[in-house]
Amino acid sequence: MTGGFLRALWRLTSVQGAWNYERMTGVGMGHAAEPLLEDLKSVDPVRYAEASVRAAEYFNSHPYLAGLALGALTRAEYDLVPGAQISRLRTALTSPLGALGDRLFWAGVVPAAMGVALLGVVAGHGLATIVAVLLLYNGLRVGTGIWALKTGLAHGMKVGNAIGDSWLPRVATPAGLVAGLVVGLAVPLAADWLLAPQGLEAMGVTVVTLLAGLGAAWRLGPRITAVKFGLVAIGLALILAWGLP
Amino acid sequence: MSQLSAGTFALLTAWGTLTGMDLVTFPQGLLSRPLIACAGAGLILGDIQTGLVVGVLLELFALDVLPVGASRYPDYGPGAVGAVVLTTGGPWEERLGIAALFALVLAVVGGWSLIWLRKSNGRMIHARAAGLAAGDPGTMTSIQLRGLAGDMIRSAGLTAVALLLAQAAQPYLPAGPRFALVTAAAIGAGVAAASGGAVRSAGRGPRLRWLVVGTGISLIAAVLT
């Protein structure tokens, strides 16, 4: 099983490669499981065939944490846990791994990283900051992937307890707080940086558009997305500018 | 800017393709973020400053979005690369708003193309159901590689369309100080998007307080500098 670790880790980087509405990342998980299950093929071919079918069934989680499930399910196959129990673990891991990963990465680390990158640009160190953010973020991403797969393989059916006792649930909340602070710092300074060469009239248009956007978000909620509002606001401004003498 | 050379066009297409794929399939390493996509395009064009300016504005819009699971979200990368091309060669103060509009339209088209790709992957899985039911690793590899290839084609096509449209539109871009007001409206919309997203993510808990503290410090710094 250890020989396939790196190949499985590499395949996990594209676990969403064939994402679809029926199995979601299921086939990606099956593809990533194959190097880990190779040793089982020679020992117990029947079990290997059953495990391969199970490995590609419906699954969805945060992509960076999929290794936790992959490792745990593979270990369970080697431990000859009954198939129905393995399928139940697979289903049980879907929501928590999705929710944890979304909170930690999509709502925490990513906005914090992009906020830092915005601050770097505003401070005049754009390229250096972007390179540093990319290196740090991807270092964290790769490190998390290795940890996830190792933890899953080490704990098998008891992976739920291992996740609960790990650093993962503990850092999600602080990451969110840092993201809030950094985004709060970055957005006004980024706007100020973009508006610096513009006149007072432009600043007035920005403030009016901002207030209209916040008002629309308050009144319409999720029915008005950032893109929809942007298209309407910029489109209207373009029509008005065309009509100006 | 004059017409892109074949080499530059190819490099921008390759970069845009990578940013498009990065959103969902591979490698999901922040390359699809507009600020990164635009900085890369600026580097390729030899105009990093324009890349950063376009990237900062589009990043404000992207801060509103959480690319969660099966939800529909815009694909900013390829359009952002095209927007940098559209902005270069003239005063960005007059072009940035139009470039943002261009990038947002392409981001929506990119989002639709992702839905199409997901349905196409579903059809491919149906066609290979027997192999999957037998647990055949070759079938899984084939589906996975075709899915990745599909996303590569989708992203490359979107980038090529963005670059061709940007090149075609560039000579006809309206000019004059009044178009700086379009840029100003785009900045306002971007700040509204980022603020709305930040408040929604913060909820009513301590994260909201941290957001308010950050915004307060930032506003003071903006006034003082």
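Residues numbered from 1 in each chain as written. Chains lettered and ligands numbered in written order. Predicted model: local features only at pLDDT ≥ 70, side-chain atom pairs only at ≥ 80, totals over all residues.

1. A closer look at the overall build of chain B
Part 1 of the argument: Summing up its helical and strand segments, chain B has nine helices and zero strands in all.
Part 2 of the argument: Along chain B, from the amino end to the carboxyl end, the secondary structure elements read α-α-α-α-α-α-α-α-α.
Part 3 of the argument: Considered along the principal axes of its C-alpha atoms, chain B spans approximately 65 × 50 × 25 Å.
Part 4 of the argument: Burial statistics for chain B: of 225 residues in total, 56% are counted as buried.
Part 5 of the argument: Of the contacts made within chain B by residues no fewer than 6 positions apart, 76% connect residues no fewer than 24 positions apart. (Helix = DSSP H or I, 4+ residues; strand = E, 2+ residues; numbered from the N terminus. Buried ≥ 20, exposed ≤ 12 C-beta atoms within 10 Å, placed from the backbone. Contact = placed C-beta atoms within 7 Å.)

2. A word on the overall build of chain A
Part 1 of the argument: In terms of helices and strands, chain A carries 10 helices and zero strands.
Part 2 of the argument: Each helix and strand of chain A, ordered N terminal to C terminal, gives the series α-α-α-α-α-α-α-α-α-α.
Part 3 of the argument: Taken against the 2.2 N^0.38 rule, which gives 18 Å for 245 residues, the C-alpha radius of gyration of chain A at 24 Å runs more than 25% over that of a compact globule.
Part 4 of the argument: Counted over contacts in chain A with a minimum sequence separation of 6, partners at least 24 positions apart contribute 72%. (Rg over C-alpha atoms; globule rule 2.2 N^0.38 Å.)

3. Some thoughts on the packing of helix H1 (residues 6-22) of chain B against helix H2 (residues 34-45) of chain B
Residue and element names in this part refer to chain B.
Part 1 of the argument: Orientation of H1 relative to H2, taken along the N-to-C sense of each, is 165°, at an axis distance of 10 Å. Considered as vectors, H1 and H2 are oriented roughly antiparallel to each other. You can see that H1 and H2 cross each other, and the crossing is right-handed. Contact residues: Thr 8, Leu 11, Leu 12, Trp 15 and Thr 19 in H1; Ala 37, Gly 40, Ala 41, Ile 44 and Leu 45 in H2.
Part 2 of the argument: Residues that form the contact of H1 with H2 fall into these classes: seven nonpolar, three polar and no charged. (Axes fitted to C-alpha atoms, helices over the stretch in contact; angles between N-to-C directions. Parallel < 35°, antiparallel > 145°, perpendicular 65-115°, else oblique. Left-handed = near helix turned anticlockwise from the far one by under 90°. Nonpolar A, V, L, I, M, F, W, Y, C, P; charged D, E, K, R; others polar.)

4. A word on the domain arrangement of chain A
Part 1 of the argument: Here chain A is partitioned into domain 1 (2-196) and domain 2 (198-245).
Part 2 of the argument: A separation of 37 Å is found between the C-alpha centroids of domain 1 of chain A and domain 2 of chain A. (Domains from an automatic or database assignment.)

5. Let's talk about the nonpolar core
Part 1 of the argument: Ranked by internal contacts, the top residues of the largest apolar core, which has 152 residues, are Ala190(A), Leu57(B), Leu58(B), Ala100(B) and Ala103(B).
Part 2 of the argument: Among the elements that make up this core, the one with the highest residue count is helix H5 (residues 83-122) of chain A (17 residues).
Part 3 of the argument: In this structure, Leu57(B) is in contact with Leu194(A), Leu96(B), Ala100(B), Ala186(B), Ile187(B) and Gly190(B), ignoring residues within four places of it in sequence. (Core = buried A, V, L, I, M, F, W, Y, C linked by C-beta atoms within 7 Å.)

6. Focus on helix H9 (residues 200-220) of chain A
Part 1 of the argument: A rise of 1.5 Å per residue sets the reference length of H9(A), with its 21 residues, at 30 Å; its end C-alpha atoms lie 30 Å apart and thus fit the reference within 8%.
Part 2 of the argument: Taken together, the buried positions of H9(A) are occupied by Ala202(A), Val205(A), Thr206(A), Thr209(A), Leu210(A), Gly213(A) and Ala217(A). The arc enclosing the buried residues of H9(A), seen along the axis, measures out at 135°, which places them on a common side. Structural note: H9(A) exposes Leu200(A), Leu211(A), Gly215(A), Trp218(A) and Arg219(A) on the side pointing more than 90 degrees away from its buried face.
Part 3 of the argument: Of the surrounding secondary structure, the elements contacted by the buried residues of H9(A) are helix H8 (168-195) and helix H10 (226-243) of chain A together with helix H8 (180-202) of chain B.
Part 4 of the argument: In the stretch just after H9(A), Gly221(A) is the one whose phi turns positive, near 60°. (Expected span 1.5 Å × (residues − 1). Arc of directions from axis to C-beta.)

7. So, the interface of chain B and chain A
How large an interface is tends to be reported as the accessible area lost when its parts come together.
Part 1 of the argument: Contact with chain B, which involves 85 residues of that partner, is made by 80 residues of chain A.
Part 2 of the argument: With 19 residues, the single largest contributor to the side of chain B that touches chain A is H8(B).
Part 3 of the argument: Of the residues in the side of chain B that touches chain A, the class split is 59 nonpolar, 19 polar and seven charged.

8. Notes on the environment of Trp193(A)
Part 1 of the argument: Following the sequence through the fold, Trp193(A) ends up in helix H8.
Part 2 of the argument: Excluding residues within four positions of it along the chain, Trp193(A) makes contact with Val122(A) and Val56(B).

9. Observations concerning unusual backbone geometry
Residue and element names in this part refer to chain B.
Part 1 of the argument: Cis peptide bonds are those with omega within 30 degrees of zero, and the linkage from Phe 26 to Pro 27 qualifies with -5°.
Part 2 of the argument: Looking at the secondary structure, you find Pro 27 in the loop between H1 and H2.
Part 3 of the argument: In this model, Gln 28 sits at a positive phi of 55°, which is unusual for a non-glycine residue.
Part 4 of the argument: If you trace the backbone, Gln 28 turns up in the loop between H1 and H2.
Part 5 of the argument: By the C-beta count within 10 Å, which is 21 here, Gln 28 ends up buried.

10. Some points on H5(A)
All names here are of chain A.
Part 1 of the argument: Its 40 residues place the ends of H5 55 Å apart at the C-alpha level, agreeing with the 58 Å of an ideal helix rising 1.5 Å per residue.
Part 2 of the argument: Its maximal kink placed at Asp 102, H5 deviates by approximately 35°.
Part 3 of the argument: Just downstream of H5 lies Gly 124, where phi reads positive at about 90°. (Bend = angle between axes of the 7 residues up to and from the residue.)

11. Comments concerning the environment of Val191(B)
Part 1 of the argument: Following the sequence through the fold, Val191(B) ends up in helix H8.
Part 2 of the argument: If sequence neighbours within four positions are ignored, Val191(B) has contacts with Val187(A), Ala191(A), Leu210(A) and Leu60(B).

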